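Descriptive analysis of the structure
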Amino acid sequence: MGGIPADVRSRANGDDIAVTVRIGHGGVTDSVVSELIDQLSKRNLVKIKANRGVTVGSAERSELFEMLATATDSTLVLQRGNVAVFWSGVG
């Protein structure tokens, strides 16, 4: 996480970014990955929320978000509970 600029971290921690991708009870599907890739190509920060029951605990949530970051070639900037913010690495 050392390579994330301070302004990106600051914006990720702010309330200005709305949740634009939700992970439903079906879990991470190809369409969730495609949607995240598409949104990251249009804006550099994307906030995702995993619905209740998608994961059993915080360790499983962390794995899910890390897997999404790998699948989308993005960086997980922030994870707080069921919400995560991903950065495209640009801007």
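1. Section: unusual backbone geometry
One non-glycine residue, Asp-73, lies in the positive phi region at around 55°. The residue Asp-73 is located in the loop between α3 (58-72) and β3 (75-80) in this model. You can call Asp-73 exposed: its relative accessible area is 71%.

2. As for the nonpolar core
Judged by nonpolar contacts, the single largest core of 17 residues is most densely connected at Ile-23, Leu-36, Ile-48, Phe-65, Leu-68, Leu-76 and Phe-86. Elements with a minimum of two residues in this core: β1 (19-23), α2 (30-42), β2 (45-50), α3 and β4 (83-87). Residue contacts for Leu-36: discarding those within four places in its chain leaves Val-46, Ile-48, Leu-68, Thr-72 and Phe-86. Grouped together as the second largest cluster of nonpolar side chains are nine residues, Ala-12, Leu-78, Val-85 and Trp-87 included.

3. Examining the pattern of salt bridges
Two side chains of opposite charge can pair, provided their charged atoms sit close to one another. Applying the stated criterion to the full structure yields one salt bridge. Between Lys-42 and Asp-38 there is a salt bridge, and its shortest N-O distance comes to 3.2 Å. In this pair, Lys-42 and Asp-38 both sit in helix α2, four residues apart, roughly one turn of the helix. By relative accessible area, Lys-42 is classed as exposed at 64%.

4. Thoughts on the side chain of Lys-47
As for its position among the elements, Lys-47 is in strand β2. Put simply, Lys-47 is tucked away with no salt bridge, and the nearest opposite charge, on Asp-15, sits 5.4 Å away. In this structure the side chain of Lys-47 is engaged in a polar contact, spanning 3.0 Å, whose partner is the backbone oxygen of Ile-17. Those residues in contact with Lys-47, other than ones at most four positions away along the chain, are Gly-14, Ile-17, Ala-18, Val-19, Thr-20, Val-21, Val-83, Ala-84 and Val-85.

5. Quick notes on the environment of Lys-42
On a C-alpha basis, the gap between Lys-42 and Asp-16 in space is 16 Å, while along the polypeptide they are 26 residues apart. Here the side chain of Lys-42 touches Asp-38 through a polar contact of 3.2 Å, side chain to side chain.

6. So, the packing of aromatic side chains
Here the structure, examined in full by the defined rule, presents one aromatic pair. Between Phe-65 and Phe-86, the ring centres sit 6.3 Å apart and the planes meet at 70°, which makes this aromatic pair edge-to-face. Pair noted here: Phe-65 is in helix α3 and Phe-86 is in strand β4, with a separation of 21 residues, a long-range link. Each member of the pair Phe-65 and Phe-86 is classed as buried.

7. Some remarks on α3
End to end, α3 covers 21 Å across 15 residues, agreeing with the expected 21 Å (1.5 Å per residue, within 8%). Looking only at α3, the buried set comprises Arg-61, Leu-64, Phe-65, Leu-68, Ala-69 and Thr-72. Seen along its axis, α3 keeps its buried residues to an arc of 135°; they face one direction. Counted as exposed and oriented over 90 degrees from the buried face of α3: Ala-59, Glu-63 and Thr-70. Looking at the buried positions of α3, the neighbouring elements they touch are β1, α2, β2, β3 and β4. Of the residues one or two after α3, Asp-73 is the one with positive phi, at around 55°.

Cut-offs and rules
- Residues numbered from 1 in each chain as written.
- Predicted model: local features only at pLDDT ≥ 70, side-chain atom pairs only at ≥ 80, totals over all residues.
- Heavy atoms only, no water.
- Helix = DSSP H or I, 4+ residues; strand = E, 2+ residues; numbered from the N terminus.
- Buried < 20%, exposed > 50% of the residue type's maximum accessible area, 1.4 Å probe, protein only.
- Core = buried A, V, L, I, M, F, W, Y, C linked by side-chain atoms within 4.5 Å.
- Contact = heavy atoms within 4.5 Å.
- Salt bridge = Lys/Arg side-chain N within 4 Å of Asp/Glu carboxyl O.
- Lys, Arg positive; Asp, Glu negative; His and termini not counted.
- Polar contact = N/O pair within 3.5 Å; in protein donor to acceptor, adjacent residues only side chain to side chain.
- Phe/Tyr/Trp six-rings, centres within 6.5 Å; stacked < 30°, edge-to-face > 60°.
- Expected span 1.5 Å × (residues − 1).
- Arc of directions from axis to C-beta.

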